[in-house]
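# Summary of structural features
Listed below are the residues making up each chain.
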Amino acid sequence: NYPKRIFSGIQPTGNLHLGNYLGAVQKWIQLQDNGENVIWSIVDMHSITLPHDPKELSNNILKMTATLLACGIDPKKSILFQQSTVDTHAQLCWILGCLTSFTRLARLPQFKEKSETLKSIPLSLYIYPVLQAADILLYKATDVPVGQDQVQHIQLAQELAIKFNKKFGNTFPSICVVEDASQRIKSLRDPSKKMSKSDQTSKSRLDILDKPEILIEKLKKAVTDFTSKVTYEPEKRPGVSNLVTIHSMLTGKSPDQICSEVEGLDTGKYLLIYKLVLADVIVEKLNPIREEFSRLIREPAYLQEVLRNGTERATEIASDSWCEVRNKIGF
Ligand code: ADP
Ligand code: NA
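Residues numbered from 1 in each chain as written. Chains lettered and ligands numbered in written order. Predicted model: local features only at pLDDT ≥ 70, side-chain atom pairs only at ≥ 80, totals over all residues. Heavy atoms only, no water.

## What to know about the sheet that holds strand S1 (residues 6-10)
With respect to topology, three strands assemble into an open sheet ordered S1-S2-S3, the strand pairing being parallel. Bordering the open sheet on either side are S1 and strand S3 (78-82), each of which pairs with just one other strand. Within the sheet, the average angular offset between the axes of one strand and its neighbour, ignoring direction, is 20°. Pairing analysis gives five bridges linking strand S2 (residues 38-42) to S3, with the strands arranged parallel. Directly across from Ser-41, in S3, lies its bridge partner Phe-81. (Pairing = 2+ DSSP bridges. Helix = DSSP H or I, 4+ residues; strand = E, 2+ residues; numbered from the N terminus. Axes fitted to C-alpha atoms, helices over the stretch in contact; angles between N-to-C directions.)

## Details of the pairing of S2
Taken across its five residues, S2 has five buried, putting it largely inside the fold. Side chains Val-38, Trp-40 and Ile-42 project from S2 onto one buried face, and the interleaved Ile-39 and Ser-41 project onto a second face that is buried too. Two elements, S1 and S2, share five bridges in a ladder whose sense is parallel. Bridge pairing links Ser-8 to Trp-40 in S2. Regarding the hand of the β-α-β motif, the stretch spanning S1, helix H1 (residues 18-33) and S2 is right-handed. (Buried < 20%, exposed > 50% of the residue type's maximum accessible area, 1.4 Å probe, protein only. Right-handed = clockwise from strand over helix to strand, strands pointing away.)

## What to know about the pattern of salt bridges
Tallied over the entire structure, the rule returns 15 salt bridges. A salt bridge links Lys-328 to Glu-324, with the nearest nitrogen and oxygen atoms 3.2 Å apart. With Lys-328 and Glu-324 both in helix H13 (residues 300-329) and four residues apart, the pair spans about one turn of that helix. Among the residues examined, Glu-324 registers a relative accessible area of 25% and is labelled partly exposed. (Salt bridge = Lys/Arg side-chain N within 4 Å of Asp/Glu carboxyl O.)

## A few points about a nonpolar patch on the surface
Together, Leu-265, Leu-272, Ile-273 and Leu-276 line one region of the surface with nonpolar side chains, adding up to about 260 Å² of accessible area. For Ile-273, the position within the fold is in helix H12 (residues 272-297). (Patch = residues over 30% accessible without salt bridge, like charges linked within 9 Å, V, L, I, M, F, W, Y side chains within 5 Å. Areas by Shrake-Rupley, 256 points an atom, 1.4 Å probe, with all protein chains shown as cover.)

## Observations concerning the domain arrangement of the protein chain
Here the protein chain is partitioned into domain 1 (6-177 + 300-329) and domain 2 (212-294). In this structure, domain 1 and domain 2 have C-alpha centres spaced 32 Å apart. Each partner contributes residues to the interface: domain 1 has 10 residues there, and domain 2 has nine residues. A combined buried area of about 830 Å² lies between domain 1 and domain 2, and 81% of that area is made up of carbon and sulfur atoms. Looking only at domain 1, the three residues that lose the most surface to domain 2 are Leu-18, Leu-22 and Ala-70, adding up to 54% of its buried area. Counting across the domain 1 and domain 2 interface gives zero salt bridges. On inspection of domain 1 and its partner domain 2, the count reaches one residue pair in polar contact (both at pLDDT 80 or more). Sorting the residues of the side of domain 1 that touches domain 2 by element identifies H1 and helix H3 (54-71) as the ones contributing at least two each. (Domains from an automatic or database assignment. Contact = heavy atoms within 4.5 Å. Buried area = accessible area lost by both parts, 1.4 Å probe. Polar contact = N/O pair within 3.5 Å; in protein donor to acceptor, adjacent residues only side chain to side chain.)

## A word on the pairing of S3
Consecutive side chains of a regular strand alternate in pointing toward one face of the sheet and then the other. Most of S3 is tucked away: five of the five residues are buried. Burial of S3 is two-sided: the residues Ser-78, Leu-80 and Gln-82 facing one way and the residues Ile-79 and Phe-81 facing the other way are all buried.

## Quick look at helix H10 (residues 238-251)
Here H10 contains 14 residues, and its C-alpha end-to-end distance of 20 Å stays within 8% of the 20 Å for a straight helix at 1.5 Å per residue. Counting buried residues along H10, 12 of its 14 residues qualify, which places the element largely inside the surrounding structure. For H10, every residue scored as buried is listed here: Gly-239, Val-240, Ser-241, Asn-242, Leu-243, Val-244, Thr-245, Ile-246, His-247, Ser-248, Met-249 and Leu-250. Buried residues along H10 sit against H1, helix H9 (212-220), helix H11 (255-261) and H12. (Expected span 1.5 Å × (residues − 1).)

## Re the environment of Ile-208
Along the polypeptide, Ile-208 turns up in the loop between helix H8 (151-168) and H9. You can call Ile-208 buried: its relative accessible area is 0%. For the pair Ile-208 and Lys-285, spaced 77 residues apart in sequence, the C-alpha separation works out to 9.5 Å. Excluding its chain neighbours within four sequence positions, the residues that come into contact with Ile-208 are Leu-16, His-17, Leu-18, Tyr-21, Thr-67, Cys-71, Leu-286 and Ile-289.

Set out below in structure tokens:
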């Protein structure tokens, strides 16, 4: 009998893009505003599993904090904290690492993908999902909202919770993996790929902090096809369907509703007019976020205070769990 508690994390790498916003942050804000017990972590320890620049990392942590607040994360309703400031993440990771195997981790698809291009694979990249399990179990989280790409990692966390409970006595709740059924937001330049921070192609993604001119420019160049009708057929017409998905997730209207609303519209060559209609919707949503971000980023002392307060509240929960773990394993 564990109280419902929701945990999720985001890496402080680069800018938040519209895929992150629609796929994660917008949902976090809904959960927060529904009065759920929620914890969000800026997972800086995960972000150093690939080479990084220290100055850039510390800037990015503040930038991500300002961005999340600007999007609507409210530090009074949510616990928002920086992962590395709570020591017990690394400590629990070690314990959980003793409960899983080399071959179990090798099966995880994200590791295969990320390591493919590397000559020398950091150990941390390999055990990343164990740290992710520690992130979740430390707060006895019962619900972990993530995209489809993360489901197998949450299953590992689930497995480790069960293993720990069996070996050392009931400690962790079972984790509810809510598979996110919504469409992933796709790259504007190649709709067969997802919109991603790691995609180096400029104009492939819409960043939350892009100015209106930039957003419009990127949307105009979004790859679609030669049919000038707006339809929602993700398999057959991934380009235009991606635009409809974005439109739908921003407005809460169904894809069918969007398509019938623009039915009579003369969409012009390459759907230009539809792209401009969508650009309006996006700009209207992102303008206030960008403005709030520029206000907040000029208040580093405030941002640090928010993070400090988050650390305090997260530590309170994490210390209790860690104490329990220590005792149970005989430390
Ligand atoms: P990225 O792939 O851009 O580096 P992350 O792996 O940091 O993004 O993911 C942060 C959150 O954003 C996760 O919950 C992830 O599922 C979500 N997310 C990332 N890309 C997309 C996308 N294209 N569409 C929907 N959600 C996404
Ligand atoms: Na990623």
